[in-house]
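Structure at a glance
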Amino acid sequence: MPNDLMEALVLHSIGDLRLQQIHVPNLSEGQVRVRIGFCGVCGSDIPRIFAKGTYNFPTVCGHEFAGIVDACGAGVENFAPGDAVVVFPLLWCGKCAACEQAKYVQCHDYGYLGSRSNGAFAEFVVAPKENLIPVPEGVTLEEAAMTEPAAVALHALRRVQKSIVGKTVAIFGAGPIGLMAAQWARIMGALEVLLFDIVAEKLELAKRLGFESVFNSAVEDAVTVANAQTDGKGAHVCIESAGVPQTYLNALGSVGRGGSVVLLGNPVADVTLPATLISQLMRREVNLLGTWNSDYSIAGNDDEWRTVLQAIASGTLTLSPLITHKVPLTDSREMLHMMKDKSEFYAKVLIHPS
Ligand SMILES: [Zn+2]
Ligand SMILES: [Zn+2]
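Residues numbered from 1 in each chain as written. Chains lettered and ligands numbered in written order. Predicted model: local features only at pLDDT ≥ 70, side-chain atom pairs only at ≥ 80, totals over all residues. Heavy atoms only, no water.

Some points on the domain arrangement of the chain
Each assigned domain of the chain is listed with its residue range as follows: domain 1 (5–148 + 294–352) and domain 2 (160–290). At the junction of the two partners, domain 1 supplies 14 residues and domain 2 supplies 12 residues. Interface area for domain 1 against domain 2, summed over the two sides, is near 1100 Å², with a carbon-plus-sulfur share of 80%. Together, Leu317, Leu322 and Phe345 form the three largest contributors to the area buried by domain 1 at its contact with domain 2, with a combined 44%. Here domain 1 is connected to domain 2 by 0 salt bridges. Partitioning the side of domain 1 that touches domain 2 into residue classes produces 9 nonpolar, 4 polar and 1 charged. (Domains from an automatic or database assignment. Contact = heavy atoms within 4.5 Å. Buried area = accessible area lost by both parts, 1.4 Å probe. Salt bridge = Lys/Arg side-chain N within 4 Å of Asp/Glu carboxyl O. Nonpolar A, V, L, I, M, F, W, Y, C, P; charged D, E, K, R; others polar.)

See below:
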């Protein structure tokens, strides 16, 4: 097997994607080789591929994936070929202060499958056994491939730390992560979830997921709507999940007294905050919360990854409607260009070996 070749979409420099044959990654002690079932395209992959680049070249991108165990290295006891698994893509160092506290996403010296090392726009990936979780009964590989973004959305809601039962949660940006965050808000007992976007198809998708309070913020002023929907009080929690200046202004402008704003979207530009808005945030004693990645545990404790998988298995979290495209690796280059150019509507795009 180590001398065998596999199909992979390789990024050679910014924007230079080539579908080619590369070596199947070697398997060392304590590692597992996974045959990719599906790998999602993350919103962050588009700027990574076409604008910012990866940490080194050539690199295979793709960090949101699920697959089937193909082979296990020495010392791997809990997995066997044929097992369906999801893979936590962050490779923590295990030595720093953050790792000692099992806060892996805060690791000071980490690797990352799909940006710092080869990821899953390929047939195989090798990962440490500690990074694998079995996919529960009743969860498809398509759904399991969305565990990572769903865990990121869950983590954003958990950052609020106060109960949202009976409260209003407003979400600014109805991309896949925004729609997942909206579902977590509903699962956690929010009385009302307000969703804002400027793309009609995204709002239609939100309605198909059962959300009724869905607004086009290109047509209606989001802050005015949020106030009208909350008797002028503002939302208890606002989640910014688009990363554009207007959604920051809308999220910060729509939060009520003592409420929280969670910064979830990847910022694409600088934002200027009017002094009146800063003053309002001060007077309302608003909590401004950053969120980063998701909590993962090796021990199988109650972590966000397992919470996601259980929620999919029990049917409380619905991810399948988010999938708009499933393409083989042979068509993946064109697909990624389409996403960059936004030449057709997409929500979650999954890539699979040809
Ligand atoms: Zn991602
Ligand atoms: Zn570390």
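Examining helix α10 (residues 304–314)
α10 sits mainly inside the fold: 8 of its 11 residues count as buried. For α10, every residue scored as buried is listed here: Glu304, Trp305, Arg306, Thr307, Val308, Leu309, Ala311 and Ile312. On its buried face, α10 is in contact with β6 (84–87), β10 (132–134), α3 (141–144), α4 (147–158) and α5 (176–187). (Buried < 20%, exposed > 50% of the residue type's maximum accessible area, 1.4 Å probe, protein only. Helix = DSSP H or I, 4+ residues; strand = E, 2+ residues; numbered from the N terminus.)

Quick look at the coordination of the zinc ion (ligand 1)
Bound to the zinc ion (ligand 1) are the protein donor atoms Cys42 (SG), His63 (NE2) and Glu64 (OE), situated 2.2 to 2.6 Å from the metal. Each donor residue of the zinc ion (ligand 1) lies on the same chain, and together they follow the pattern C-x20-H-E. Taken together, the positions of Cys42 in the loop between β3 (31–40) and α1 (45–52) and His63 in the loop between β4 (59–60) and β5 (64–72) put the pair 21 residues apart, joining distant regions of the chain. Pair check on accessibility: Cys42 and His63 agree, each one buried. (Donors = N, O, S within 2.8 Å, 3.2 Å for Na, K, Ca; no water.)

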